[in-house]
Amino acid sequence: MSRISRLPSSLLRVAACTGVAALALTACGSGSGSDTESSGSGSVKVGLITKTDTNPFFVKMKEGAEKAAKENGAQLSTAAGKFDGDNAGQVTAIENMVAAGVKGILITPSDSKAIVPAIEKARAKGVLVIALDTPTEPESAVDALFATDNLKAGELIGEYAKAVMKGRTAKIAALDLAPGVSVGVQRHNGFLKGFGATDKDVVCAQDTGGDQAKGQTAMENCLQKEPGINVVYTINEPAALGAYTALKAKGREKDVLIVSVDGGCTGTKAVKDGRIAATSQQYPLKMAAEGVKAVVTFAKDGKKASGYTDTGVTLITDKAQDGVTSKDTAYGLENCWG
């Protein structure tokens, strides 16, 4: 789970990047051509700020933005926090991008509330700001949101798990993200809604930060608390794979149902291999590509993107259930990321 950034090819590019050196800046000269010299000084400047530059989800998001920028003659600069939750780093990136004259900023907020003042300052200076994947709090703090319907993503795997259980008593473990993070809350609540359950039906809930090692530890803790767990909801596929490792160590990997969200390539392969029963696939490349197009449109005719744009979610499994719409892993692998 890493993205390799190359050194700038000229001192000029180094100078252009200096202002955001504290971040994992990949704009000024990742050899991918996102910050294209052929665009010229008159091209539309677009900024992309992600939570980190190591998560495959954000790597794919950057690829989508790069491709769209090239196709639309835009000049893309990108930055990322040093870690998931690095609000200060994202604030610095916004300030530097505004100073550099970007027409629009695409951002996946690390802290949905704390980032709002910086966004408001950018918008006050005429910069279009679009949130990708994660909404701000309030959602109206940005001009628009391009994201997965995370509640629906959770509902899909909840409906699937309920269909697989076929009325058997479920002992549910929830391997969540972190307290108060909107994406995690929405997926968790969506799963419960789809399953027809409430938090009272969850026998163990643990935060994982979406990390595989923490997911394994969380599952081990849950098995100690309630050995009879038979359904595991996970915030994402790394947490799911951690849970699988813990279950396998106890010889429980074949009789516990694991469901997840993301649709990354590693996770989708795990569905194909049977380690994860099903996952809800989302599309980060599309989020970023549509965001870049929206900024270019704004720059050309002043038309602002607004409101929420659902970039889609698909249930991926090779063990389809009656009444639950899904696609197989062949489709999932064709459309996965990471």
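Residues numbered from 1 in each chain as written. Predicted model: local features only at pLDDT ≥ 70, side-chain atom pairs only at ≥ 80, totals over all residues. Heavy atoms only, no water.

Chemist: Tell me about the overall build of the protein, and name the residues and values.
Modeler: The helix and strand inventory of the protein stands at 11 helices and 12 strands. Classification of the 338 residues of the protein by burial places 55% in the buried group. Relative to all contacts within the protein whose residues are 6 or more apart in sequence, the contacts with residues 24 or more apart total 75%. For the protein, the computed accessible surface area is about 14,600 Å², with 50% contributed by carbon and sulfur atoms. (Helix = DSSP H or I, 4+ residues; strand = E, 2+ residues; numbered from the N terminus. Buried < 20%, exposed > 50% of the residue type's maximum accessible area, 1.4 Å probe, protein only. Contact = heavy atoms within 4.5 Å. Areas by Shrake-Rupley, 256 points an atom, 1.4 Å probe, with all protein chains shown as cover.)

Chemist: Explain the side chain of Gln-281 to me, using residue names and the numbers behind them.
Modeler: Counting through the fold element by element, Gln-281 comes out in strand E10 (residues 278–282). Judged by its relative accessible area of 0%, Gln-281 falls in the buried class. A polar side-chain atom of Gln-281 sits 3.1 Å from a polar atom in the side chain of Tyr-283. At 3.0 Å, the side chain of Gln-281 and the backbone oxygen of Gly-332 are in polar contact. If we skip the residues at most four places from it in the chain, Gln-281 touches Asp-262, Gly-263, Thr-268, Gly-312, Val-313, Thr-314, Ile-316, Tyr-331, Gly-332, Asn-335 and Cys-336. (Polar contact = N/O pair within 3.5 Å; in protein donor to acceptor, adjacent residues only side chain to side chain.)

Chemist: How would you summarise the packing of aromatic side chains if you had to cite specific residues and measurements?
Modeler: Counted under the stated rule, the structure contains four aromatic pairs. Ring geometry for Phe-57 and Phe-58: centres 5.4 Å apart, planes at 90°, overall edge-to-face. We note that Phe-57, like Phe-58, is buried. Ring centres of Phe-57 and Trp-337 lie 5.0 Å apart, and the angle between their planes is 85°; on these two criteria the pair is classed as edge-to-face. Remark: Trp-337 occurs in the segment after helix H11 (329–334) and Phe-57 occurs in helix H2 (residues 56–71); sequence separation between them is 280 residues. Take Trp-337: its relative accessible area is 6%, and that puts it in the buried class. An aromatic cluster is defined as three or more aromatic residues linked by ring pairs; in this entry it consists of Phe-57, Phe-58 and Trp-337. (Phe/Tyr/Trp six-rings, centres within 6.5 Å; stacked < 30°, edge-to-face > 60°.)

Chemist: Give me the lowdown on the confidence of the model for the protein, citing residues and values where you can.
Modeler: When pLDDT is averaged along the protein, the result is 89; 87% of the residues meet or exceed 70. Low confidence marks residues 1–40, where pLDDT is under 50. Its contacts with residues over four positions away, or in another chain, come to 70 contacts. (pLDDT = per-residue confidence, 0-100.)

Chemist: Before we move on, can you summarise the environment of Leu-192 with the specific residues and values?
Modeler: Mapped onto the elements of the fold, Leu-192 is located in helix H6 (residues 182–195). Judged by its relative accessible area of 5%, Leu-192 falls in the buried class. Remark: the alpha-carbon pair of Leu-192 and Lys-162, spanning 30 residues in sequence, is separated by 9.9 Å. If we ignore the near neighbours within four places in the chain, the residues touching Leu-192 are Ala-197, Thr-198, Asp-199 and Val-202.

Chemist: How would you summarise the sheet that holds strand E2 (residues 74–80) if you had to cite specific residues and measurements?
Modeler: Judged by pairing direction, the sheet is parallel, and its six strands sit side by side in the order E2-E1-E3-E4-E5-E11 without closing on themselves. Here the strands that pair on one side only, and so sit at the sheet edges, are E2 and strand E11 (307–310). Across this sheet, the average inter-strand angle for adjacent strands is 20°, counted without regard to direction. By the bridge criterion, seven bridges tie strand E1 (residues 44–50) to E2 in an arrangement that is parallel. From the neighbouring strand, Leu-48 faces E2, where its bridge partner is Thr-78. (Pairing = 2+ DSSP bridges. Axes fitted to C-alpha atoms, helices over the stretch in contact; angles between N-to-C directions.)

Chemist: Any chance you could break down the pairing of strand E5 (residues 144–147) for me, citing the residues and the numbers?
Modeler: Burial along E5 is two-sided: the face carrying Ala-144 and Phe-146 and the face carrying Leu-145 and Ala-147 are both buried. As judged from the three bridges shared by strand E4 (residues 128–132) and E5, these two strands associate in the parallel manner. Bridge pairing in E5 links Leu-132 to Phe-146.

Chemist: Describe the pairing of strand E7 (residues 202–207), and please don't skip the residues or the numbers.
Modeler: One ladder, built from five bridges, connects strand E6 (residues 172–176) with E7; its direction is parallel. Paired with Ala-173 across the bridge in E7 is Cys-204. In this fold, the crossover linking E6 to E7 by way of H6 has right-handed handedness. (Right-handed = clockwise from strand over helix to strand, strands pointing away.)

Chemist: Before we move on, can you summarise the state of the cysteines with the specific residues and values?
Modeler: With the rule as written, the count across this model stands at two disulfides. For Cys-204, the disulfide goes to Cys-222, at an S-S distance of 2.1 Å. Disulfide Cys-204 to Cys-222: torsion about the S-S bond roughly -75°, handedness left-handed. With a gap of 18 residues between them, Cys-204 in strand E7 and Cys-222 in helix H7 (residues 212–225) connect regions that are remote in the sequence. A residue is classified by how much of its surface remains accessible, and Cys-222, at 0% relative accessible area, is buried. Two residues, Cys-265 and Cys-336, share a disulfide whose sulfurs are 2.1 Å apart. (Disulfide = S-S within 2.5 Å.)

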